[in-house]
Amino acid sequence: MATGDNNKWGRQVMILADQNDDGSYDADNDVVNGGAKYSSLKYKIDKIAIIDAANGDTVKLDQCDTSSLATYNIIDVDLETGDLNKVYDFPNGLWVKGICPTTLQNSSKVLIYQSMK
C-alpha cells in the first residue's frame, strides 16, 4: 500500500507516485501540516501528465479538503496500450481545491505542472 513518501509537493512540477491509503482526512498527512499523502491547498494547474503506466492501470486524482478526501474528480482514467502516457493541458489554468491521489496503480505516476502566473 502507498505510504506517501514518494510524493513531491510544493514545486512547479509536483510528482505524485503514491496513492493515498487513508480512509478519512488525517491532518498529519496533509501537505499543509508537513504530510505527503494529499494536499488541501488550492492549486492552479497548467498541465497534468501520466507517466510510467502499464496497460489496465487506473489513475484517479480527486479534489479534497479537510472534510473529505474525495470530492470532485480532477482526472479518472483507465490506461490502455498505445495511450499510456496521457497529457491533459489546461491553457487557462485549472483551479482545484486540494489534490488527493486516490488511485495510482502499479508504477503509474502523475506530474502536475502548477501555473506560476
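Note: the structure precedes this text.
Residues numbered from 1 in each chain as written. Predicted model: local features only at pLDDT ≥ 70, side-chain atom pairs only at ≥ 80, totals over all residues. Heavy atoms only, no water.

Caption draft 1: Molecular detail of the nonpolar core. Residues Ile99, Val110 and Ile112 are the most contacted members of the largest nonpolar core, which totals 21 residues. Listing elements by their share of this core, those giving two or more residues are strand S1 (13–16), strand S2 (39–51), strand S3 (58–62), strand S4 (73–78), strand S5 (87–104) and strand S6 (109–114). Among residues more than four places away in sequence, those in contact with Val110 are Met14, Ile15, Leu16, Ile48, Ala49, Ile50, Val59, Leu61 and Leu104. (Core = buried A, V, L, I, M, F, W, Y, C linked by side-chain atoms within 4.5 Å. Buried < 20%, exposed > 50% of the residue type's maximum accessible area, 1.4 Å probe, protein only. Helix = DSSP H or I, 4+ residues; strand = E, 2+ residues; numbered from the N terminus. Contact = heavy atoms within 4.5 Å.)

Caption draft 2: Examining the sheet that holds S4 more closely. Strands sit in the order S1-S6-S2-S5-S3-S4 across an open sheet of six strands; the sheet is antiparallel. Each edge of the open sheet carries a strand with a single partner, namely S1 and S4. Along the sheet, successive strands turn relative to each other by an average axial angle of 50°, direction set aside. For S3 and S5, the ladder comprises four bridges, and the chain directions are antiparallel. Note that in S5 the partner of Lys60 across the bridge is Thr103. (Pairing = 2+ DSSP bridges. Axes fitted to C-alpha atoms, helices over the stretch in contact; angles between N-to-C directions.)

Caption draft 3: Examining the packing of aromatic side chains more closely. Under the counting rule described, the total for this entry stands at two aromatic pairs. Here Tyr25 and Tyr38 contribute two aromatic rings whose centre-to-centre distance is 5.9 Å and whose plane-to-plane angle is 45°, an arrangement assigned as tilted. With Tyr25 in the loop between S1 and S2 and Tyr38 in the loop between S1 and S2, this residue pair connects regions lying 13 residues apart in the sequence. A relative accessible area of 0% places Tyr38 in the buried class. The ring of Tyr113 has Lys47 sitting right over it, with the charged end atom 4.5 Å from the ring centre. (Phe/Tyr/Trp six-rings, centres within 6.5 Å; stacked < 30°, edge-to-face > 60°. Lys NZ or Arg CZ within 6 Å of the ring centre and 35° of its normal.)

Caption draft 4: Structural context of the side chain of Gln19. Assignment of secondary structure puts Gln19 in the loop between S1 and S2. Only 2.9 Å separates the side chain of Gln19 from the backbone nitrogen of Leu104, close enough to count as a polar contact. (Polar contact = N/O pair within 3.5 Å; in protein donor to acceptor, adjacent residues only side chain to side chain.)

Caption draft 5: The arrangement of the pattern of salt bridges in detail. If you walk through the whole model with that rule in mind, you get five salt bridges. The closest approach of N and O atoms between Asp52 and Lys109, which form a salt bridge, is 3.3 Å. Taken together, the residues Asp52 in the loop between S2 and S3 and Lys109 in strand S6 connect sequence positions 57 residues apart. Residue classification places Asp52 among the partly exposed positions, given a relative accessible area of 40%. The exposure class of Lys109 is partly exposed, given its relative accessible area of 25%. The residue Lys97 makes a salt bridge to Asp65 at a minimum N-O spacing of 3.1 Å. One end of the pair, Lys97, is in strand S5; the other, Asp65, is in the loop between S3 and S4, with 32 residues separating them in the sequence. Residues joined in a network through salt bridges with shared partners are Asp21, Asp22 and Lys37. (Salt bridge = Lys/Arg side-chain N within 4 Å of Asp/Glu carboxyl O.)

Caption draft 6: Broad picture of the side chain of Asp22. With respect to the secondary-structure elements, Asp22 resides in the loop between S1 and S2. Among the polar contacts made by the side chain of Asp22, one reaches the side chain of Tyr38 at a distance of 2.7 Å. Beyond its immediate stretch of four places on either side in the chain, Asp22 contacts Asn29, Lys37, Tyr38 and Leu69.

Scope: geometric values only; no functional claims are made or implied.
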